[in-house]
Amino acid sequence: MLKTKVAVQVISPGMLPDDAIMLGDAYLRQWKIPQGQPLTLKFGAMRQYVKVVPVERFDGMRIGQSLARKMGLLANTTLRIRYRPEEAQLALGPLIGVLISRDDPEQRDRPFGSITMFCKELVDACEAQGAYVYFFTPLHLKGNYNTVEGWVYSDGWRKTLLPSPDVVNNRLTSRKLENRPNVQEFIQEVKIRHRSTVFNEKFLDKPEVFEALAKDPSLIKYLPESHVLKSFPMLKTMCSRYHTVFLKPVRGSLGKGIIRITKMEADAYSAQYATVGGTRRHYFSSLLKLYGSISGKMKTVRYQIQQGLQLIDIMGRPVDFRALVQKNETGKWVLTSIVARTAGSHHFVSNLARGGTLSTVREAVGRSNLSGSSSSEAPGKLQRAALDIAHGVDNFIPAHFGELGIDLALDTSGRVWLLEVNSKPSKNDNTPLQDQKIRPSVRNMIRYARHLAEF
């Protein structure tokens, strides 16, 4: 059986020269590694000339402490192994770097706040699959980008210096951080100099997504009419076309700042504002007065105006769906999970941060006001839509994505609509419905990283 993993032992100082590694002879035979000739050991951006010392009846690799320090390995570990004869290169990996927004070295048990458990889950998944992961923030990006100071887990969270990674998963949750010059410079440098792959490399704006997907005739059926709101005539046109319209901040998330505008009797309109405590409602005797109340906000917030939909509901509470799609070990989009989110009793948005509740798709559809065959067809339709939309994002938006959170809705006739695509799916909002030690979404991320790094 092909040996693709190797147990790497770090041995005491003085037992092995810095430029030598010991390797079980079965690995040398299998990979046809020539004996006595120097070769390059690769780990992320690290390249080190080494001599290989074969060891009979030994099923692993031994390295000295100074080489382990260069690699950022604090203890024995198991890694994937690959040999390329044309380059005389022995590679270990994949080395995965996860770019996160912040850390707090004072909180030794929870240095990454609410995503610490997710980070530990990634460590455990890497251990199981023979990968190595570390976590770093924009503040760690200094110098030449050959090395990065990052957090690893070895009997607790510790900081150490590591080579730049094979694969970077950008999990920054703020556009401000993502647009920092040192972050953008790092992303460009590692892609060019180290041939690293960066995925989920940027945030998506709502109009960017809708305009891109509208280029594919097969996706138009999922798109409610949407425009960037620029003037009163546009608001007037949309309100004459639809009984209800939504104003959504172009760069908003978690349902923040959404306004629902509904036509009342005569020329009156109501505006409902999504707030943490519930829905705030204001009445206006004319659309012009309503526009006057939001035109001040429009100086600082860009809104997307979107056709209102007659969504399915459970006892008057709207239901929508969050699909998580990821690329798998062959680089193909797959559906990892899809959950229904029902709005809280005083809300018209379904986010958990606004009191929404989670359930399975079948359970929510079964309890909703969707009837007949539309109800049984709904799960399959939602899954197809999520994958269609993911392919559309790949085809029409020039950036690399490995996972997407896709928010979908069903109207009362059973038609699927796209609400939003999120390139930084929250690891809190997308809570699994069953407790598992390592979620499938975490395992999939490692498999995709292995595919990208060719391990």
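Structure: see above.
Here goes a summary of the coordinates provided. Since we're looking at a predicted model, the values are computed, not measured.

## Structural notes on the packing of helix H3 (residues 116–129) against helix H11 (residues 440–453)
So, step 1. The N-to-C vectors of H3 and H11 enclose an angle of 55°; their axes lie 9 Å apart at closest approach. In terms of orientation, H3 and H11 fall into the oblique class. Judged by the twist between their axes, the crossing of H3 over H11 is right-handed. From H3, Phe118, Glu121, Leu122, Ala125, Cys126 and Gln129 reach across to H11, where they touch Val442, Arg443, Met445, Ile446, Arg447 and Arg450.
So, step 2. When its residues are assigned to classes, the contact of H3 with H11 shows seven nonpolar, one polar and four charged.

## Side note on unusual backbone geometry
So, step 1. Of note, the amide linkage connecting glycine 93 to proline 94 takes the cis form, showing an omega dihedral of -5°.
So, step 2. By the secondary structure assignment, proline 94 is in the loop between strand E7 (89–93) and strand E8 (95–99).
So, step 3. Positive phi, normally seen in glycine, also occurs at methionine 315, with a value near 50°.
So, step 4. Assignment of secondary structure puts methionine 315 in the loop between strand E20 (313–314) and strand E21 (317–327).
So, step 5. On the basis of relative accessible area, methionine 315 is assigned to the exposed category, the value being 79%.

## Remarks on the sheet that holds strand E1 (residues 5–10)
So, step 1. Ordered by their spatial adjacency, seven strands build a closed barrel running E1-E5-E2-E4-E3-E7-E6, and the pairing between neighbours is mixed. Along the sheet, successive strands turn relative to each other by an average axial angle of 40°, direction set aside.
So, step 2. One ladder, built from two bridges, connects strand E2 (residues 20–24) with strand E5 (residues 61–63); its direction is antiparallel. In the strand pairing of E5, methionine 22 is matched with arginine 62.

## Concerning the pairing of E1
So, step 1. The pairing of E1 with strand E6 (residues 77–84) spans four bridges and is antiparallel. The partner of lysine 5 across the bridge, within E6, is arginine 80.
So, step 2. Pairing geometry for E1 and E5, over three bridges, is parallel. Each bridged residue has a counterpart across the sheet, and for valine 10 the counterpart in E5 is isoleucine 63.

## Comments concerning helix H8 (residues 287–295)
Quick reminder: α-helices carry 3.6 residues per turn. Residues three or four places apart thus point the same way.
So, step 1. Within H8, burial applies to Leu287, Leu290, Tyr291 and Ile294. Projection of H8 onto a plane perpendicular to its axis shows the buried side chains occupying an angular sector of 100°, all on one side. Every exposed residue of H8 that faces more than 90 degrees away from the buried side is listed here: Leu288 and Lys289.
So, step 2. Among the structural elements, helix H7 (232–241), strand E15 (244–249), strand E16 (259–263), strand E17 (269–275) and strand E18 (278–284) are those in contact with the buried residues of H8.

## A few points about helix H6 (residues 206–213)
So, step 1. Of all eight residues in H6, six are buried, a share of seventy percent or more.
So, step 2. Along H6, the residues that are buried comprise Lys206, Pro207, Val209, Phe210, Ala212 and Leu213.
So, step 3. Packed against the buried residues of H6 are strand E14 (226–228), E15, strand E19 (303–307), helix H10 (372–396) and strand E25 (416–422).

## Points about the packing of H7 against H8
So, step 1. Closest axis-to-axis distance for the H7/H8 pair is 11 Å, and the angle between their directions is 130°. Between H7 and H8, the crossing angle belongs to the class labelled oblique. The crossing of H7 and H8 is right-handed. Within the contact between the two elements, H7 uses Phe232, Leu235, Lys236 and Cys239 and H8 uses Leu287, Leu288 and Tyr291.
So, step 2. Across the contact of H7 with H8, the residue classes break down as six nonpolar, no polar and one charged.

## Regarding the side chain of glutamine 89
So, step 1. Locating glutamine 89 in the fold gives a position in strand E7.
So, step 2. For glutamine 89, the contacting residues outside a window of four places in its chain are Thr40, Lys42, Arg47, Arg82, Tyr83 and Arg84.

## Some points on the nonpolar core
So, step 1. Leu23, Met61 and Leu90 are the most contacted members of the largest nonpolar core, which has 43 residues in total.
So, step 2. Considering each element in turn, this core owes the most residues, four residues, to helix H5 (residues 181–193).
So, step 3. Here this core spans two domains, since at least three of its residues come from each of domain 1 (5–93) and domain 2 (95–199).
So, step 4. The contact partners of leucine 23, leaving out residues within four places of it in the chain, are Val6, Leu28, Ile33, Val52, Val53, Pro54, Val55, Phe58, Gly60, Met61, Ile81 and Leu90.
So, step 5. Ranked by size, the runner-up nonpolar core spans 38 residues in total, among them Leu213, Ala323, Val325 and Ala390.

Parameters at a glance
Residues numbered from 1 in each chain as written. Predicted model: local features only at pLDDT ≥ 70, side-chain atom pairs only at ≥ 80, totals over all residues. Heavy atoms only, no water. Axes fitted to C-alpha atoms, helices over the stretch in contact; angles between N-to-C directions. Helix = DSSP H or I, 4+ residues; strand = E, 2+ residues; numbered from the N terminus. Parallel < 35°, antiparallel > 145°, perpendicular 65-115°, else oblique. Left-handed = near helix turned anticlockwise from the far one by under 90°. Contact = heavy atoms within 4.5 Å. Nonpolar A, V, L, I, M, F, W, Y, C, P; charged D, E, K, R; others polar. Buried < 20%, exposed > 50% of the residue type's maximum accessible area, 1.4 Å probe, protein only. Pairing = 2+ DSSP bridges. Arc of directions from axis to C-beta. Core = buried A, V, L, I, M, F, W, Y, C linked by side-chain atoms within 4.5 Å. Domains from an automatic or database assignment.

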